[in-house]
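Examination of the molecular architecture
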Amino acid sequence: MPLTPRAGFDVSVSEPDPETVLMTIRVTDGTHVKGQHAFTLKKHSSQSTDDLCRAAFPLAFEQPA
């Protein structure tokens with residue numbers, strides 16, 4: 001399931017290599033950024049990037065259906 005941020009969060013994810021995920025989460029209030037969290041995550045080859053991001057900061061994402 002693709003990542004779907006909740007209202008009030010802006011998320012960007014990139015994968016510079018197969019084992020590394022860079023995720024930045026901005027907490028927003030309308031057009032104003034209230035805070036930012038940056039993560040450098042390591043994943044296993046069998047692990048989903050979406051699942052890894054959800055596990056790292058679950059508050060920012062809609063719950064999978």
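Residues numbered from 1 in each chain as written. Predicted model: local features only at pLDDT ≥ 70, side-chain atom pairs only at ≥ 80, totals over all residues. Heavy atoms only, no water.

1. Some thoughts on the sheet that holds strand β3 (residues 32-42)
As summarised here, the arrangement of the three strands in space is β1-β2-β3, forming an open sheet in which the pairing is antiparallel. Single-partner strands in this sheet number two, and they are β1 (9-17) and β3. On average, each strand axis in the sheet is inclined to that of its neighbour by 15°, with strand direction left out of account. Pairing of β1 with strand β2 (residues 20-29) involves seven bridges; the strand directions are antiparallel. (Pairing = 2+ DSSP bridges. Helix = DSSP H or I, 4+ residues; strand = E, 2+ residues; numbered from the N terminus. Axes fitted to C-alpha atoms, helices over the stretch in contact; angles between N-to-C directions.)

2. Looking at the nonpolar core
If you look at the biggest cluster of nonpolar residues, it comprises 11 residues: Phe9, Val11, Val21, Met23, Ile25, Leu41, Leu52, Cys53, Phe57, Ala60 and Phe61. By residue number, the principal contributor to this core is β2, which donates three residues. (Core = buried A, V, L, I, M, F, W, Y, C linked by side-chain atoms within 4.5 Å. Buried < 20%, exposed > 50% of the residue type's maximum accessible area, 1.4 Å probe, protein only.)

3. A few points about the pairing of β2
Linking β1 to β2, which pair antiparallel, is a turn of two residues. Two strands pair when backbone bridges link them, and β2 and β3 are joined in this way by 10 bridges, in the antiparallel orientation. Each bridged residue has a counterpart across the sheet, and for Thr28 the counterpart in β3 is Val33. The hairpin formed by β2 and β3 contains two residues between the paired strands, and Gly30 there has a positive phi angle of roughly 70°.

4. Structural notes on the packing of aromatic side chains
According to the stated counting rule, one finds two aromatic pairs in the structure shown. Centroid distance Phe9 to Phe57: 6.4 Å. Interplanar angle 65°. Geometry classified as edge-to-face. Within this pair, whereas Phe9 is found in strand β1, its partner Phe57 is found in the segment after α1 (49-56), the two being separated by 48 residues in sequence. Accessibility assignment for this pair places Phe9 and Phe57 in one class, buried. Relative to Phe57, the ring of Phe39 has its centre 5.8 Å away and its plane inclined at 65°; by these criteria the two rings are edge-to-face. In this pair, Phe39 is assigned in strand β3 and Phe57 in the segment after α1, connecting sequence segments 18 residues apart. Clustering of aromatic rings is evident, with ring pairs tying together Phe9, Phe39 and Phe57. (Phe/Tyr/Trp six-rings, centres within 6.5 Å; stacked < 30°, edge-to-face > 60°.)

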